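Observations on the three-dimensional arrangement
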Amino acid sequence: MPAVTETRETVEKLAKSSYEWGFETDIEMDIAPKGLNEETVRLISERKGEPQWMLDWRLKAFRAWLEMEEPTWAHIHHPPIDYQDAHYFAQPKKKPGPKSLDEVDPELLKTYAKLGIPLHEQALLAGVEGAEERLPVAVDAVFDSVSVATTFRKTLAEAGVIFCPISDAIREHPELVQKYLGTVVPVADNFFAALNSAVFTDGSFVYIPEGVRCPMELSTYFRINARNTGQFERTLIIAEDRATVSYLEGCTAPQRDENQLHAAVVELVAMEDASIKYSTVQNWYPGDDEGRGGIYNFVTKRGICRGARSKISWTQVETGSAITWKYPSCVLAGEGSVGEFYSVAVTNNHQQADTGTKMIHLAPNTRSTIIAKTISAGHSDSTYRGLVRMQPKARNARNFTQCDSLLIGDQCGAHTVPYIESRNMTARVEHEATTSKISEDQLFYCRSRGLSEEDAVGLIVNGFCREVLKELPMEFAVEAQKLLQISLEGSVG
Amino acid sequence: MTQNAAPALEAFVARAAGHGAALAETGLPTRRVEAWRYTPLRSIADTAWQKPAPLTAETTTALLDRLVLPETGARVVYGNGQFMDALSALPEVVRQASENVSPLKGLFSATLNTALGERGLDVRVPAGTDAGLLTLVSLSDGQDVSTHLQHRIVLEDGASLTLYDISTGEGRYIANPRFDIVVGKGATLRHVKVQRESLTGTHLAIVSADVAEKGEYDSFTLNQGSGLARHEAVVTLGAPHAMAHVNGVQIVDGQRLNDLTSMIHHAAPDGSSRQTVKTVLSDAGQGVFQGKILVDRVAQKTDGYQMNQALLLSEKAQINSKPELEIYADDVKCSHGATVGALDDEQLFYLRSRGIAEADARDMLVRAFLIDALDLVSDEGLRDLLLRSMTS
Amino acid sequence: MSDFLKIQGLQARIDADGTPKDILKGLDLEVPKGEIHAIMGPNGSGKSTLSYVLAGRDDYEVTGGSATFKGQDLLALEPEERAALGLFLAFQSPVELPGVNNANFLRTAVNAVRRARGEAELDAVAFLKAVRAETKHLSMSDDMLKRAVNVGFSGGEKKRNEVLQMRLLQPSFAILDETDSGLDIDALRIVAEGVNSLRSPDFSALVITHHQRLLDYIVPDRVHVMAHGRIIHSGGPDIAKTLEKQGYTQFLEAAA
């Protein structure tokens, strides 16, 4: 029997890893009735204490959504989603948005402890003296669509950085929100973005003023907890001229029997010489071995390099969700601006992922790089879908794309669907894609040096993803490596 | 999604008499249909395309005169969809094929052809026989007319045939040929195609090739004419060790749009496929390449390689390319590469510094760009014909 | 004839990612007919730029000064016109031309130049005879003629191919850009023999190098020291030896 088959069988006998983060937090929730109509939208806006312009904006989005059809082009399959059978608002029953960390429900703190957020903000949340100096990561925690705690707001404010829940920003910085919200992802951009625009309940807002290098990493943890809730967070990050920021996003959800919908929108705006680095480790509950109960993750992420020489870099490690539909994109409108997309997508069991990016080159001398690594195991299906478009004004623009797929086991699928469109003769596009499996030679070599097959696969997979993982901030990289290994447990072959 | 009210569709369905149901249902694809996103059929939608009158002897001679044709082998000529007996002779060894071929579902060019099909070439090469070279000439002439030839080519086990498939015409017409090809065990079909339709013509070709064990479908398509042309090939490697080559060159200038679309379906283990497609675009030419490699779960040890490259020679030229891998087997070696760009300045300078005038240097580099696709044509005689055709 | 190649106050810049960078800053140089001159200088002094500007690469913008060759305004000519006039640049690392057959390339170039000089074109047989004679002399295999230009050529093969072109095109002025060719003695020897074989009262050359070693094989009539986009010192072949021992410091200081 070949080594690979043998190992696969051995490993399959081993206890399959259950979702480590699949606990449920017992907190009293304030939940809106199920269903989605104009009243739901008005209720959300009212509960958030929003101004009239925000309500009008939401209603416009809702009316657009009613006219739209769910997209069907992605390589994913799921039973029809009943948009009326979900709650669109759920928040912990306490004061709306705790003003200090002491007010945070102890159960919530326990949740974060269980999340194993590697950033030690436990100490901070518990109010330990001097924690701020030791921990240069500011965290905004979003719990069932509501931001419950944002740390370091004071330190950041001294640097002129605004980092707060977007619901606070709507009240406290309406001029900034009004100026930028929906400018990158318009309300009617696509079905899920329109839905989000109508019913989003919270998310993070980041504003880096001119010339400011954000003094610490900013981080948001998203968690879906309540049953039958959709999570629709909205993130807006603005970097003014010569501003720099690195933003991390982590996601988890408890184990459920029913699939839950997550439809976030992220908008990034980079002005002249500004730089935004957006990293995601997405570990939503993927469902059980049969695919039951996972998160449907339908996300619209887009950044615009509006200023000359600005840069937007997306890095993502996607190991969770039952279904992922996500294309973090860059619109390169500023001359000499740079877009990057580094992605690792791992699917196992019955997971499905259709993810990739769009690089829209509008201006001269723009550059983009796409490195996408796809790993499929079990009965899963993973698709890279990407668009590189060189518009007529994109003189001397460049793109390089590399897509590599790794299949583990013979019941999974890996697909590559690049779209290359060029309307400028001086623009150059290079695309390469490969599909392969872990070779028996590689495995044998590692095992002959004393590694277990599991470890050998972990090592090889991490090597396969190295180009992407090295783009992650250090703390995330460690977590991501661990996640990769866990996601692939029980799939070696 | 479709243009069901289009005069073209009404006329086609009326002409199809009882066979137009599928066509009426599908309609003319718009750009919202994924397979046609880069190739709009607007230009044919508003015309009620009719069956053409037979080709006159005079026109036939004039059209034949512009083609570069092999001097050896057998030749068959179709004019406006009709077999031209006086100009045609089949290789002696071939028989009638008369197989029924399964319809290609969901592909517009095939649906249209199925509805309006006219009997075309129908040949069977007996087992173990080399039928040599067969030239198939398709001529069109007329205004607002369309032809829909159905060709069937069956190669029995160990048989071989080289098909030189060339089409041209004059006027405003649609040529919508279809090739149903069966390549038997260990058989080889070399299919070299040259598309030189009129600038006001539309060419919508569909090839379906089923390849048996150790059989080989080795094709090369030169798209160098027609206002709008799509050559679409669906090759199924249905038995072990089958092989496909789906190569091509597109030379697109003026306001033309040329499209090469292919699907190579690995449905059995140990198959291999090779694809090199090069597109050169000048003026406001538009090029489209869509190439999919589909590998079924059973198709272990598949070896698939695809390369498509486009050279843009003018500010208004445009390329849309969609190479695609859909893979369900783990023990495979599949890769594709794509590049888009202009001529290399450094290479151009090198040639000029050796005294070669700029225009000549450009020609040399364009030819060099095309040569590795052209070199894949194994028949030396046909390769020379192609070179002559490309430069004429 | 003193104004064979004459460069006066030459200034040139390159576009470096959107910002122009001045490289040649008023360079003066004369190479009379029949002489071989060498230019030496540290990295970044503009030596390669000079060779590209003389051969007509359009990445460089000439912002001032003049260069004449045989009394003609060199800078106004296209690269191929300069070649026809007798200028030949031997590239330090010649570009690869995938798909361009070497023999076909050579014949096209030879006949283009012959045509421009009013000479009769060579037919296939005559050309092949001429090439065979040269390849034999250069110990090149016929195989190299069948391959694509410079594709997969070793360093030595590329040099041989450059010299082959030089011998076939029969230039009256050769520029050898050997700026960074390092210590590959074989490669240097091939180039040197190629140049020496063309030595005559009607042939001049400009050898660009920063190794004195090449000048052991091609003994120059004059040596120029280049720095910061200018010639800062000129003298006899002995300068090269001084440079090898003591470096550029003394010349740089003297010029400062």
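Rules used throughout
Residues numbered from 1 in each chain as written. Chains lettered and ligands numbered in written order. Predicted model: local features only at pLDDT ≥ 70, side-chain atom pairs only at ≥ 80, totals over all residues. Heavy atoms only, no water. UniProt positions renumbered as here; feature names shortened; annotations may be inferred. Helix = DSSP H or I, 4+ residues; strand = E, 2+ residues; numbered from the N terminus. Buried < 20%, exposed > 50% of the residue type's maximum accessible area, 1.4 Å probe, protein only. Contact = heavy atoms within 4.5 Å. Areas by Shrake-Rupley, 256 points an atom, 1.4 Å probe, with all protein chains shown as cover. Buried area = accessible area lost by both parts, 1.4 Å probe. Salt bridge = Lys/Arg side-chain N within 4 Å of Asp/Glu carboxyl O. Polar contact = N/O pair within 3.5 Å; in protein donor to acceptor, adjacent residues only side chain to side chain. Nonpolar A, V, L, I, M, F, W, Y, C, P; charged D, E, K, R; others polar. Pairing = 2+ DSSP bridges. pLDDT = per-residue confidence, 0-100. 1 Å grid on protein atoms, 1.4 Å probe; cavity = no way out; pocket = protein on both sides within 12 Å on 5 of 7 lines; lining within 4 Å. Points joined across faces, edges and corners; volume = space filled by probe spheres on them. Axes fitted to C-alpha atoms, helices over the stretch in contact; angles between N-to-C directions. Left-handed = near helix turned anticlockwise from the far one by under 90°. Patch = residues over 30% accessible without salt bridge, like charges linked within 9 Å, V, L, I, M, F, W, Y side chains within 5 Å. Lys, Arg positive; Asp, Glu negative; His and termini not counted. Charge placed at Lys NZ, Arg CZ, Asp CG, Glu CD. Phe/Tyr/Trp six-rings, centres within 6.5 Å; stacked < 30°, edge-to-face > 60°. Lys NZ or Arg CZ within 6 Å of the ring centre and 35° of its normal. Parallel < 35°, antiparallel > 145°, perpendicular 65-115°, else oblique.

By the naming in an unreviewed UniProt entry, chain C goes by ABC transporter ATP-binding protein and is assigned to Gluconobacter roseus NBRC 3990.

Chain A is annotated in an unreviewed UniProt entry as Cysteine desulfurase from Gluconobacter oxydans NBRC 3293. Of chain A, the UniProt comment under Sequence similarities (unreviewed entry) reads exactly: "Belongs to the iron-sulfur cluster assembly SufBD family."

**A closer look at the overall build of chain C**
Secondary structure assignment for chain C yields 10 helices and 12 strands. Taking all 256 residues of chain C together, 50% fall into the buried category. Put simply, of all contacts in chain C between residues at least 6 apart along the chain, 70% involve residues at least 24 apart. For chain C, the accessible surface area stands at approximately 11200 Å², while carbon and sulfur atoms represent 47% of it.

**Some thoughts on the interface of chain B and chain A**
Facing 35 residues of chain B, the contacting portion of chain A comprises 33 residues. With both chains or domains summed, chain B and chain A bury close to 2700 Å², and 48% of this area falls on carbon and sulfur atoms. Summed over the three residues of chain B that lose the most area to chain A, namely E315(B), D330(B) and V340(B), the buried surface amounts to 21% of that side. We note a salt bridge from R395(A) to E315(B), for which the minimum N-O separation is 3.0 Å. Taken together, the links from chain B to chain A amount to 19 residue pairs in polar contact (both at pLDDT 80 or more). Only β17 (318-327) and β18 (333-341) of chain B provide two or more residues apiece to the side of chain B that touches chain A. No other element matches the 10 residues that β17(B) contributes to the side of chain B that touches chain A. Taken together, the residues of the side of chain B that touches chain A break down into 15 nonpolar, 10 polar and 10 charged. As paired elements, strand β23 (residues 428-437) of chain A and β18(B) share 7 bridges and run antiparallel to each other. Within β18(B), the position partnered with H431(A) by the bridge is A338(B).

**Description of the confidence of the model for chain A**
Residues and elements named next belong to chain A. Across chain A, pLDDT averages 78, with 76% of residues at or above 70. Put simply, helix α1 (residues 3-13) is where chain A has its lowest mean pLDDT, 33, and strand β16 (residues 329-332) is where it has its highest, 96. Per-residue pLDDT stays below 50 along residues 94-103; that stretch engages in 11 contacts with residues further than four places along the chain or on separate chains.

**A look at empty space enclosed by the protein**
All names here are of chain B. Tallying each qualifying case throughout the model produces 11 cavities of 30 Å³ or more. By volume, the largest cavity amounts to about 160 Å³. The set of elements that each furnish at least two residues to the lining of the largest cavity consists of β4 (130-147), β5 (149-155) and β6 (160-175). Tallied by class, residues from the lining of the largest cavity come to 6 nonpolar, 11 polar and 3 charged.

**What about the pattern of salt bridges?**
Residues and elements named next belong to chain B. Taken as a whole and judged by the stated rule, the model has 52 salt bridges over all chains. Measuring nitrogen to oxygen at the nearest pair gives 3.3 Å for the salt bridge that ties R37 to E34. For E34, a relative accessible area of 31% corresponds to the partly exposed category. Among the salt bridges present, the one from R352 reaches E358, with a minimum N-O distance of 3.6 Å. Each of E34, R37, K292, K322, E324 and E326 takes part in a single network of salt bridges with overlapping partners.

**What about the sheet that holds strand β2 (residues 19-31) of chain C?**
Residue and element names in this part refer to chain C. In spatial order, the strands read β2-β1-β4-β5; together these 4 strands make up an open sheet with antiparallel pairing. For this open sheet the edge positions go to β2 and β5 (72-73), each flanked by a neighbour on one side alone. When strand β1 (residues 5-16) meets β2, the two strands line up antiparallel, connected through 10 bridges. Residue I14 lies in a different strand from β2, and its bridge partner there is K21. Of the strands in this sheet, β1, β2 and β4 (60-69) touch helix α1 (residues 47-55), which is tilted by about 105° from β1.

**Description of the packing of helix α3 (residues 52-66) of chain A against helix α10 (residues 191-199) of chain A**
Any two packed helices are characterised by how steeply their axes cross, that is the angle between the axes, and by the distance between the axes. Residues and elements named next belong to chain A. Remark: α3 packs on α10, axes separated minimally by 7 Å, with the N-to-C direction vectors making an angle of 145°. Every pair of crossing elements has a handedness; the one defined by α3 and α10 is left-handed. Here α3 contributes W57, R58, A61, F62 and W65 to the contact with α10, which in turn contributes F191, A194, L195, S197, A198 and V199. Residue classes in the contact of α3 with α10 are distributed as 9 nonpolar, 1 polar and 1 charged.

**Some remarks on a negative patch on the surface**
On the surface, a cluster of negative charge is made up of D344(B), D345(B), E346(B) and D58(C). With respect to the secondary-structure elements, E346(B) resides in helix α6 (residues 345-353).

**Let's talk about the pairing of strand β16 (residues 303-312) of chain B**
Residues and elements named next belong to chain B. For β16, a buried count of 8 out of 10 residues is recorded, marking the element as mostly surrounded by other parts of the structure. As defined by bridge partners, strand β14 (residues 272-281) adjoins β16 across 10 bridges and the pair is classed as parallel. Across the sheet, the residue bridging to V277 is N308, located in β16. Note that β16 and β18 share 9 bridges and pair parallel. Pairing of Q309 across the sheet is with T339, part of β18.

**What to know about the sheet that holds strand β12 (residues 230-235) of chain C**
Residues and elements named next belong to chain C. If you walk across this open sheet you meet the 6 strands as β6-β9-β10-β3-β11-β12, and the pairing is mixed. Each edge of the open sheet carries a strand with a single partner, namely β6 (87-90) and β12. Within this sheet the neighbouring strands show an average axis-to-axis angle of 20°, counted without direction.

**Brief notes about the packing of aromatic side chains**
Working definition: an aromatic ring pair is given by the centre-to-centre distance plus the angle between the planes. Residue and element names in this part refer to chain A. Per the counting criterion, the structure on display carries 26 aromatic pairs over all chains. Residues Y278 and W314 carry aromatic rings whose centres are separated by 5.1 Å and whose planes lie at 55° to one another, so their mutual orientation is tilted. Here Y278 is found in strand β12 (residues 275-282), whereas its partner W314 is found in strand β14 (residues 311-318), with 36 residues between them in sequence. Neither residue differs from the other here; Y278 and W314 are each classed as buried. Grouping aromatic residues by their ring pairs yields a cluster made of F62, W65, W73, Y83, F191, F192, Y296, F298, W325 and Y327. Positioned above the aromatic ring of F200 is the side chain of R58, whose terminal nitrogen or guanidinium carbon lies 4.2 Å from the ring centre.

**Re the packing of helix α2 (residues 38-47) of chain A against α3(A)**
Residue and element names in this part refer to chain A. Between α2 and α3, the shortest axis-to-axis distance is 10 Å and the interhelical angle comes to 155°. By the angle between their axes, α2 is roughly antiparallel relative to α3. As for the relative orientation of α2 and α3, their crossing is right-handed in sense. Side by side, α2 and α3 meet where E38, V41, R42, I44 and S45 of the first sit next to L55, R58, L59, F62 and R63 of the second. Of the residues that constitute the contact of α2 with α3, the class distribution is 5 nonpolar, 1 polar and 4 charged.

**A word on the side chain of D177(C)**
Residues and elements named next belong to chain C. Within the secondary structure layout, D177 lies in strand β9 (residues 173-177). Comment: no salt bridge for buried D177; closest opposite-charge side chain is K47, at 7.3 Å. Within the local environment of D177, its side chain forms a polar contact with the side chain of S48, the two groups lying 3.2 Å apart. Discounting residues that sit within four places of it in the chain, D177 has contacts with S48, S51, L89, A90, F91, Q92 and I208.

**Looking at the confidence of the model for chain C**
Per-residue pLDDT for chain C averages 87, and the proportion of residues at 70 or more is 95%. The secondary-structure element of chain C with the lowest mean pLDDT is helix α10 (residues 249-255) of chain C, recorded at 75, while β5(C) shows the highest, at 94.

**A look at the layout of surface pockets**
Counted as a void, the largest pocket has a volume near 1800 Å³. What lines the largest pocket is a set of 50 residues, and nearest its centre among them are R398(A), R428(A), L343(B), D344(B) and D345(B). Residues that form the lining of the largest pocket fall into these classes: 19 nonpolar, 11 polar and 20 charged. What the second largest pocket holds in volume is close to 1000 Å³. In this structure, the second largest pocket is lined by 29 residues; those nearest its centre are P71(A), W73(A), K358(A), E34(B) and R37(B). Those elements giving two or more residues to the lining of the second largest pocket turn out to be β13 (295-305), β18 (352-361) and β20 (381-390) of chain A. Along the lines of polarity and charge, the residues of the lining of the second largest pocket split into 12 nonpolar, 6 polar and 11 charged.

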